[in-house]
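Report on the structure
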Amino acid sequence: MIYFDHNATTPIIPEVRDTVENAMERYWANPSSTHTLGRKAADELELARDRLAALLKVASDEIHFTSGGTEADNLALLGIINGEYTGSIVISDIEHPAVGNAAEFLEEKGVLCYRVPVDKEGILRINELHEVVNDSVQLVSVMFANNEIGTIQPMKQIGETAARYHIPLHSDAVQAFGKMPLNLTENGISLCSISSHKIYGPKGCGALYVSREVPIAPRTYGGSQERGIRTGTQNLPAILGFVKAAEIAYAKMNAEREYLFNLTEFLYSRITATITDVVRNGHPEQRIPGTLNISFPGTTSDMIVKALDKQRICVSGGAACHSGSVGSSHVLQAIGRRKQEAVAGVRFSLGRASTREEVEIVVRVLKQVVESLRAQ
Ligand code: PLP
């Protein structure tokens, strides 16, 4: 199998699996218990929090472990609004559904939601952001890097704009974390969502950073875990695996960034040399290093994904179907792609173990697949 779908999820690496297994044996007690075993688990949990906080250069009590990116995003949006469905929020046009659908829920409850458009490479139109921020805005939420096209946002500029009105800025950094420094404080980010399974850690684990300055309410009511903001017994083995994966990702960051950036450029150059009429989606430089999104007009993403799968190659198409626009990606629409391009986007997301040999095989198979679909 060739796996070019690392933005969907990544395989667990051996060091992380060992950490999780070890934790399941040694730290199975409830970290909230006051006996020796509980205290041992609590010590490990707090150590993990310190280690993650150190990577993010924030304070330990600003880290709240969650069940993943989706929960962190929902906690950020709904926790800031906290049942007072007044005022407004601002998001980008290309958010992941974990933010987009949470915003839609708030909208149904009466909160105004502005969706700021992006340019043709997926960069937020800062001028338009300036136009919608005002004193009634309770939260600005803009993703750090897009999961479909990989474009990285100018977070510093966005942070400065939000700060001018004292509006907290949330960023869904699920796709950026572990691949580039987030510089949360410098970028003026007060809330940030991250997830474990995109960085070779276990699934069902993530975190929400919340600056001490920002009051946030819980979405679940229970004990006092995670400062009462995310209650419920923590999944300690997963958390320890997550933090281990994060440390490895940070240690490898620079080398891996360069390797994957060049490998995706190589993939792009091979595709353009081999297949006619292709359109690259997303910013060619301001992007997370392993992501390349290409439209193959005259086909559909679904057909390509299925045909490649038959040849043991895993890639992804655009987002799931929305009513009325079957198989068309909202992100590709937002960057102005025509219908025939928006339904035919394929995301290649390469990872640590991806190789040039794999790229050569994928391009060879892809050429046959695209040509035969176009001939139908
Ligand atoms: N946000 C982005 C940008 C993502 O890519 C994903 C996962 O695909 C999520 C949020 C959701 O994260 P999780 O799968 O940990 O719930």
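Residues numbered from 1 in each chain as written. Predicted model: local features only at pLDDT ≥ 70, side-chain atom pairs only at ≥ 80, totals over all residues. Heavy atoms only, no water.

1. A short note on the pattern of salt bridges
Counted under the stated rule, the structure contains 14 salt bridges. Close ionic contact of Arg49 with Glu226 constitutes a salt bridge, the shortest N to O distance being 2.7 Å. With Arg49 in helix 2 (residues 36-56) and Glu226 in the loop between strand 8 (206-210) and helix 7 (236-274), the pair connects residues that are 177 residues apart, well separated along the chain. Each member of the pair, Arg49 as well as Glu226, carries the same accessibility label: buried. In this structure, Glu256 engages Arg352 in a salt bridge whose closest nitrogen and oxygen atoms are separated by 2.7 Å. With Glu256 in helix 7 and Arg352 in the loop between strand 12 (345-349) and helix 11 (356-375), this pair connects stretches of sequence that are 96 residues apart. (Salt bridge = Lys/Arg side-chain N within 4 Å of Asp/Glu carboxyl O. Helix = DSSP H or I, 4+ residues; strand = E, 2+ residues; numbered from the N terminus. Buried < 20%, exposed > 50% of the residue type's maximum accessible area, 1.4 Å probe, protein only.)

2. Here's the deal with the domain arrangement of the protein chain
What the domain assignment lists for the protein chain is domain 1 (2-8 + 253-375) and domain 2 (14-248). One C-alpha centre belongs to domain 1, the other to domain 2; they are set 28 Å apart. Across the contact, 27 residues belong to domain 1 and 27 residues belong to domain 2. Summing both sides of the interface, domain 1 and domain 2 together bury roughly 2300 Å²; the carbon and sulfur share of this comes to 54%. Three residues, Met253, Ile288 and Arg352, lead the burial of domain 1 against domain 2; their summed loss comes to 25% of the area buried on that side. (Domains from an automatic or database assignment. Contact = heavy atoms within 4.5 Å. Buried area = accessible area lost by both parts, 1.4 Å probe.)

3. Here's the deal with unusual backbone geometry
The phi dihedral of His166 is positive, around 55 degrees, even though this residue is not glycine. Along the polypeptide, His166 turns up in the loop between helix 6 (155-164) and strand 6 (169-172). His166 sits in the exposed class, given a relative accessible area of 74%. With a phi close to 65 degrees, Arg312 is a non-glycine residue in the positive phi region. The topology assignment puts Arg312 in the loop between helix 8 (301-310) and strand 11 (313-314).

4. Let's talk about the packing of aromatic side chains
Scanning the model with the defined rule gives 3 aromatic pairs in all. Both rings, one in Tyr85 and one in Phe105, keep their centres 6.5 Å apart while their planes meet at 85 degrees; by these two values the pair is edge-to-face. Here Tyr85 is found in the loop between helix 3 (69-81) and strand 3 (88-92), whereas its partner Phe105 is found in helix 4 (residues 97-109), with 20 residues between them in sequence. In this structure Tyr85 comes out as partly exposed when scored by relative accessible area, which is 27%. We classify Phe105 as partly exposed; its relative accessible area is 33%. Taking the centre distance of 6.2 Å and the plane angle of 70 degrees together, the rings of Phe177 and Phe242 count as edge-to-face. Of the two residues, Phe177 is situated in the loop between strand 6 and strand 7 (191-195) and Phe242 in helix 7; the sequence distance between them amounts to 65 residues. (Phe/Tyr/Trp six-rings, centres within 6.5 Å; stacked < 30°, edge-to-face > 60°.)

5. Thoughts on the sheet that holds strand 5 (residues 137-141)
The strand order across the open sheet built from 7 strands is 2-8-7-6-5-3-4, with neighbouring strands paired in mixed fashion. Two strands bound the open sheet, and with one partner strand each, they are strand 2 (63-66) and strand 4 (112-116). Here the average twist between neighbouring strands, direction ignored, is 20 degrees. Each of strand 2, strand 7 and strand 8 is contacted by helix 2, which is oriented at about 115 degrees to strand 2, the strand it contacts most. (Pairing = 2+ DSSP bridges. Axes fitted to C-alpha atoms, helices over the stretch in contact; angles between N-to-C directions.)

6. Notes on helix 1 (residues 14-26)
What sets the pattern is the α-helix's 3.6 residues per turn: residues three or four places apart point alike. With 13 residues, helix 1 should cover 18 Å at 1.5 Å per step; its first-to-last C-alpha distance of 18 Å lies within 8% of that length. Among the residues of helix 1, Val16, Val20 and Ala23 are the ones counted as buried. Buried residues in helix 1, looked at end-on, bunch into an arc of 65 degrees, giving them a common side. Looking at the packing, one finds that the buried side of helix 1 touches helix 7. (Expected span 1.5 Å × (residues − 1). Arc of directions from axis to C-beta.)

7. Thoughts on the site of the ligand
The environment of the ligand is formed by 13 residues, the closest being Thr70, Asp172, Gln175, Ser195 and Lys198. Between Thr70 and the ligand, the recorded distance is 2.6 Å, taken from a side-chain N or O atom to an oxygen atom. In the complex, the protein chains occlude 85% of the 390 Å² of accessible area that the ligand would expose alone. A total of 3 residues in the shell around the ligand trace back to one element, the largest contributor, which is helix 3. In the shell around the ligand, the residues fall into 2 nonpolar, 8 polar and 3 charged. (Near = heavy atom within 4 Å. Polar contact = N/O pair within 3.5 Å; in protein donor to acceptor, adjacent residues only side chain to side chain. Areas by Shrake-Rupley, 256 points an atom, 1.4 Å probe, with all protein chains shown as cover. Nonpolar A, V, L, I, M, F, W, Y, C, P; charged D, E, K, R; others polar.)

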